[in-house]
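Structural overview
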Amino acid sequence: MITMTKKYFPLPFRNSFTYSIPDEFRQSLKVGVRVVAPFGKRVLTGFVIGLTEITDVKEKIKPIRDVLDELPIFDETSIKFYEWISEYYISSLGESLRNSVPYGSDVESKRKIVVDIKFCSQLYDQETKKNSPRAKLLSVLAEKEVHHISVLQKQLKTKSIYSPIRALEKIGAVTILDLVEHGKVRVKTAKFVQLAKSLDEVYAAIPEMERKSPKQVVVLLELISKKEGLQQSELLSRTGISQSAIQSLEKKGFVEVIDKEIERVYSEVYTESFKDFELTETQNNVVEQIGKKIEAGEFETFLLHGVTGSGKTQVYIELAKKSLAKEKSVIILVPEISLTPQITSRFYNHFKDKIAVLHSRMSLGERYDSWRGIVAGKYSLVIGPRSALFAPLKNVGLIVVDEEHDPSYKQYDLIPKYHGRDAAIIRAMHSGCPVLLGSATPSVESMYNALTKKFTLLGLPERVDKATLPHICLVDLTVEKKKKKMEGIFSQLLLEAIGERIKKKESVIILQNRRGFATQVFCNDCGEVVMCSDCSVSMVHHINKNILQCHYCNIIQHVPKACPVCGSISLKFFGTGTQRVEDELSYYFPTVSIERIDSDSISKKGSLGEILNRFRKGEIQILVGTQMVSKGLDFGDVTLVGVVAAETSLWIPDFRADERTFQLLTQVAGRAGRSEKKGEVIIQTQNQKHFVLQKVLDNDYQSFYQKEIVLREQGEYPPFVRLALIEVKDEKEDKSRGAIKDLFEILKRESKGLKITPPTEAIVYKIKGFFRWQILIKSHKKFDPSGKLLRATLLNTLIEFNQKSRYRDVKLIVDVDPQSII
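Now for a description of the structure that goes with this document.

The rules we used
- Residues numbered from 1 in each chain as written.
- Predicted model: local features only at pLDDT ≥ 70, side-chain atom pairs only at ≥ 80, totals over all residues.
- Heavy atoms only, no water.
- Helix = DSSP H or I, 4+ residues; strand = E, 2+ residues; numbered from the N terminus.
- Rg over C-alpha atoms; globule rule 2.2 N^0.38 Å.
- Contact = heavy atoms within 4.5 Å.
- Areas by Shrake-Rupley, 256 points an atom, 1.4 Å probe, with all protein chains shown as cover.
- Lys, Arg positive; Asp, Glu negative; His and termini not counted.
- Charge placed at Lys NZ, Arg CZ, Asp CG, Glu CD.
- Axes fitted to C-alpha atoms, helices over the stretch in contact; angles between N-to-C directions.
- Parallel < 35°, antiparallel > 145°, perpendicular 65-115°, else oblique.
- Nonpolar A, V, L, I, M, F, W, Y, C, P; charged D, E, K, R; others polar.
- Pairing = 2+ DSSP bridges.
- Buried < 20%, exposed > 50% of the residue type's maximum accessible area, 1.4 Å probe, protein only.
- Right-handed = clockwise from strand over helix to strand, strands pointing away.
- Phe/Tyr/Trp six-rings, centres within 6.5 Å; stacked < 30°, edge-to-face > 60°.
- Salt bridge = Lys/Arg side-chain N within 4 Å of Asp/Glu carboxyl O.
- Core = buried A, V, L, I, M, F, W, Y, C linked by side-chain atoms within 4.5 Å.
- Left-handed = near helix turned anticlockwise from the far one by under 90°.
- Disulfide = S-S within 2.5 Å.
- Expected span 1.5 Å × (residues − 1).

What to know about the overall build of the chain
The helix and strand tally for the chain stands at 25 helices and 36 strands. Taken over C-alpha atoms, the radius of gyration comes to 30 Å for the chain, in line with the 28 Å a tight globule of 822 residues would show. Its C-alpha atoms give the chain principal-axis dimensions of about 90 × 80 × 60 Å. Across the chain, every contact between residues at least 6 apart in sequence was considered, and the portion connecting residues at least 24 apart equals 75%. Carbon and sulfur atoms make up 50% of the accessible area of the chain, which totals about 38700 Å². Counting 122 positive and 103 negative side-chain charges, the chain places the averaged centre of each group 3 Å from the other.

Here is the structure:
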C-alpha cells in the first residue's frame, strides 16, 4: 500500500494537500520535516503535517520529489501552537509554519521569460496603439533578453500578463522556462587535511622525508598534534607552504583531503567582562516563585514590573539556570536588535556555547547554521527578537519576553501579523512552562490582565547597586524662547548640563525619535512641501549624503535647488532629526566624541556593537539616537539623558499615543544614574502641563495607568475591546475605493454584535504607490471573550469578498489586535 503525506505550503490556502511517498523517502519522511513537491505548474517547499495509509482523494496523487530535513522542525504537539497562530491571526497554517524555518532555505521553481529582442521590437513597431497593454508588454520585453514574471508584473503594474505571454510564446517571440532554484543558503563545507597513516609510520618516514622534502615534514609535524585535522587554508597559512606539498603527501598516502561541514557562527562585537551578582531579597523572591513553576513544569504567566535598573536581566539569567538544570530549553525574547548586544554578552558570560542568537543582522548563513544547531539539539538557549519565538527548541522550560510593552513585538510586514508577546504565552501554554513578561512600563493590556488575576504580578520596586532613580526636569521651550534662552534646537539649560558632564568625564545620551536632518523641505513663497511621489508623506533631508529620502518607500531624490512648483529659491528646511541633533552638538562641543545610533548609522554589520563598546569605554561621550537608545542600555557612567522633543509621539492620532510616549520617556530616563553616580533627565517640551509628561516627571506609572484605563474603557479600546483592522490597497485609487465599499457591505450583513466603523482613508493615504482604505472592527470582550465571533465574521467576509467582488484582486490585509490604527 502506498503511504500518503498531508502537507501545507506557505501560501494563503487554508487546506492541506495530499502526496504519495516514493519508496526511497519512506524511511526519512516524518511529521515536521519539509519536502519538495510539485504544486500546479510550480515546484515548492511544503511542511509535512500527517502521514496516512489511506485517502479519500479521488484525483491523481502526485509524488513528493525530495525531503529537505533529517530531523523534524516541529512535532504533533507543537503544531497546535502554529494552528493557534493561523486561526487567531486569520492566515493559513502554511503561512504560520513558514516562521519555523530561516529565510532562504526553501526550494521553489521560478518562471523566466527568454526574449527574442529583435522579434519583440518588430512586433512593438507594428502596434498602432502604443499605450495598449500588449504594446507596453512588448516595449518592456524588448529591453533585455531575460525577464522574471514577478518583475514584469511590477513594471507593468498588473498581474494579468500570463495570457499575452503565452500568445507571444506560440509565435516564437518568447520562451517560458520553469527552473527549480535551490535555497539561497546551504550547508557550507571546506577542505580539511588530516593524517592518513599511524603516528609510528609518520615518525618512521620523517628522517628520509626531511632530507628530500623538508616542506612536507613541516606539514606532517603540524598535523601530528591535530587529531581531527586542519582546514587546508589554515594549514597553508600556518606553515607558509604551497598546496603542491599537500598534494604530494596525499599521493604518497600520508594525508587525506576531505570536505567537512563548517558552522558559520555569529560573534557579537560588543563584549562585557563577567560579573558575579548577588541577588537582592526581592530578586530572590521573584526567582523562587517562578522557579517553582519551572520545577513543576507548569504553565503560568508572570508580569514582572521592575523599575529601570532593578536587575531584571539578572533574574532572567538565574531562571534560565534553573530551566537548563532540569535539562529544559529557554527562549529569551528582546524587542529589537539594539538590545541583543548587551543581553547576549551577559548571557554568554554565564552559558557560553549553549546560546544561539537569531536576528536579522546575521548573515543568511549564520542564521541557517544557528537554526540547524537548534534543530540538532546543540543549543538549549535562544536569544533574539520576535522571530526567535519560533526557534525549533524541544522541551521548552521557560520563555522570557523582555520589555513586553514594546510595539516591535508585533509583526507588521508579513502574514500572519502575530504579536510576539501574546504568541509567547500560547507557546508556553502548549509547552507546559512559565512565561515571564518583564517591563518597567508594562503595556496597559498586560497590567490589566495582572490586576484582574489573569497574570501573576511580581515587582522589583528599587534599583540595584545602590543606584537611585534619576531627577527629571521638564523644560518649556515656549517659555525659553521668550526668555531668549534657546541655542538652535537646544535650551541653554540642556547645553549647560551636557557641558558639566563632559568636564566630569561622564557620559550623555540624547534622544530624538526621528531620523534624518530636516523632516520637511518647503517653499517660503508658495508654501509647497516636497512630497514623495509614491507616498502621501513629506521627504526627509539627510545632510550627510545631501539627499531627500522617503522613510516609507525609501525612494531617494536630489535636494531641489528651487521650488518644483513656483521656481522660487527660497527653500526652508523644517523639523529636527537625529542628524541635525548630532550636527548642532558637534558645533557646541567640537572636541567631544559624538556618535549617532539610528537605522541609517548602524546598517553595517557589527557597527552597533562597536559603537556600544566605545561608549562603554568612554571613547564616545555623547550618544545621539532614536528610540534605540531608550531600550535596555545599561552603562554606569551615563549621568545625563536629554530629550530634544517630548511631543514626537504624543501628537500621533492613535489611541496608544499617550501610552507610547509615557513608555518611551520613562525608558530613556531610566538610562541615567544606573550606578552610585546620580542621574539627571532633561526633557524639552512645548506642553509641560500634559498629564503624560507630568506622570513621567513623577515617575508615576500607577497614576498614568489609572487614568489611561478609564479613557480606554470610555473609548471602547483594548483591553476591554478586541480590535481588527482591515486594509484594502491598490495602485488604482478607484479600485481600492470600490473594494472597501464592497467589503463594508458584506461586513454589515455578516456582523452580529460587532461595531464596524465606516470605511476611511488611512491617515497615510498612499504608501509605495498604493492607495489605502481601512475599516476598524470592535468586538467587546463581554459578549465575545475569546474573539471567536470576530474571527468567524472576518473569515466569512473574506470568503464572500473573494467569491463575489469584482475587486477581489486588490491587496487585502487583516490585522487582528493591531498595535496602531494609522
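Moving on from the coordinates now.
Quick look at the packing of helix α8 (residues 214-224) against helix α10 (residues 243-252)
Two quantities define a packed helix pair, namely the angle between the axes and the distance from one axis to the other. At a closest axis distance of 9 Å, the pairing of α8 and α10 adopts a crossing angle of 80°. Between α8 and α10, the angle is such that the two are roughly perpendicular. Contacts between α8 and α10 pair Q216, V219 and L220 from the former with A245, S248, L249 and K252 from the latter. Broken down by class, the residue content of the contact of α8 with α10 amounts to 4 nonpolar, 2 polar and 1 charged.

So, the sheet that holds strand β24 (residues 540-542)
Pairing in this open sheet of 3 strands is antiparallel, and the strands run β24-β25-β26 from one edge to the other. The open sheet is flanked by β24 and β26 (556-558), the only strands paired with a single partner. In this sheet, neighbouring strand axes are inclined to one another by 35° on average, regardless of whether the strands run parallel or antiparallel.

Description of the pairing of strand β15 (residues 381-384)
Side-chain direction in a regular strand flips from residue to residue, so the side chains alternate between the two faces of the sheet. The alternating pattern of β15 places L381 and I383 on one face and V382 and G384 on the opposite face, and all of these are buried. Sheet topology places strand β13 (residues 329-333) next to β15; 4 bridges connect them, and they run parallel. Looking at the pairing, I332 lines up with I383 of β15. Where strand β14 (residues 355-357) lies against β15, 3 bridges are found, and the strand directions are parallel. Counterpart to A356 in the pairing with β15 is V382. Each parallel crossover has a hand, and for β14 linked through helix α14 (residues 364-375) to β15 it is right-handed.

Focus: the packing of aromatic side chains
Under the counting rule described, the total for this entry stands at 23 aromatic pairs. Their ring planes at 90° and their centres at 5.1 Å tell us that F17 and F39 sit as a pair that is edge-to-face. In this pair, F17 sits in strand β2 (residues 17-20) while F39 sits in strand β3 (residues 34-39), placing the two residues 22 residues apart along the sequence. The exposure class assigned to F39 is buried, which follows from its relative accessible area of 13%. Between F662 and Y701, the aromatic rings sit 6.2 Å apart at their centres with planes inclined by 50°, giving tilted as the arrangement.

Considerations on the pattern of salt bridges
Within this structure, the stated rule accounts for 40 salt bridges. Residue E318 is joined to K321 by a salt bridge in which the shortest nitrogen-to-oxygen separation is 3.4 Å. Residue E318 and its partner K321 are located together in helix α12 (residues 312-325), separated by 3 residues, close to a single helical turn. Put simply, K804 and E800 hold a salt bridge, and the shortest N to O gap is 3.8 Å. Of this pair, K804 and E800 both sit in helix α25 (residues 788-804), separated by 4 residues, roughly a single helical turn. By relative accessible area, which is 60% here, K804 ends up exposed.

Regarding the environment of E800
Exposure remark for E800: the relative accessible area of 12% places this residue in the buried category. Spatially, the C-alpha atoms of E800 and S345 are 52 Å apart, while their sequence positions differ by 455 residues. The contacts of E800, once residues within four sequence positions are left out, are I746, R749, E750 and S805.

Points about the nonpolar core
Generally speaking, a soluble globular protein has its nonpolar side chains buried in company with each other. One finds I399, I597, I777 and L794 to be the most contacted residues of the largest nonpolar core, which totals 118 residues. The residues contacting I399, other than those within four sequence positions of it, are I331, L389, A424, R427, A428, C433, P434, V435 and L436. Counting residues in each nonpolar core, the second largest holds 30 residues, with I343, I355, V357 and M362 among its members.

Here's the deal with the sheet that holds strand β17 (residues 434-439)
Taking strand neighbours across the sheet as the criterion, the 7 strands line up as β14-β15-β13-β16-β17-β12-β18 in an open arrangement whose pairing is parallel. Edge positions in the sheet fall to β14 and β18 (456-460), since each of these pairs with one other strand and no more. Sheet twist, expressed as the average angle between the axes of neighbouring strands with direction ignored, equals 20°. Relative to β17, strand β16 (residues 396-402) runs parallel, the two sharing 4 bridges. Looking at β17, one finds that V401 is bridged to L437. Strand contacts of α12: β12 (300-306), β13, β15, β16, β17 and β18, with the helix running at about 170° to β16, the strand carrying the most contacts.

Here's the deal with the packing of α8 against helix α9 (residues 232-239)
Here α8 crosses α9 at 120°, and the two axes come no closer than 10 Å. As judged from the angle between their axes, α8 and α9 are oblique. Crossing handedness for the pair α8 and α9: right-handed. Residue-level inspection shows V218, V219, E222 and L223 of α8 in contact with α9, the latter providing L235, R238 and T239.

Topic: the side chain of Q153
Counting through the fold element by element, Q153 comes out in helix α5 (residues 149-156). Looking at Q153, the relative accessible area reads 18%, which means it is buried. Excluding residues that lie within four positions of it along the chain, Q153 makes contacts with T158, K159, I161 and Y162.

Concerning the state of the cysteines
The full count for this structure, using the stated rule, is 0 disulfides. The closest cysteine sulfur to the non-disulfide-bonded C550 is located on C553, 3.7 Å from its own sulfur. A relative accessible area of 0% means that C550 is categorised as buried. Not part of a disulfide, C563 finds its nearest cysteine sulfur in C526, a span of 3.6 Å. Judged by its relative accessible area of 5%, C563 is buried.

Thoughts on unusual backbone geometry
Following I415, the chain continues to P416 via a peptide bond in cis, the omega torsion being 5°. A cis amide bond, omega 15°, links P718 with the succeeding residue P719. By the secondary structure assignment, P719 is in the loop between α23 (701-715) and β32 (721-730). At E403, a position not held by glycine, the phi torsion is positive, near 50°.

Considering α25
In a regular helix each residue adds 1.5 Å, so 17 residues correspond to 24 Å; α25 covers 24 Å between its end C-alpha atoms and thus fits that length. Where α25 is concerned, the buried positions are L790, R791, T793, L794, T797, L798, E800 and F801. Elements that come into contact with the buried residues of α25 comprise α1 (79-88), β32, α24 (733-750), β35 (770-780) and β36 (811-816).

Here we look at α1
Buried residues of α1: I79, F81, Y82, I85, S86 and Y88, and no others. Of the surrounding secondary structure, the elements contacted by the buried residues of α1 are β4 (42-52), α2 (93-97), α15 (420-431), β32, α25 and β36. The first or second residue beyond α1 is I90, which carries a positive phi of 55°.

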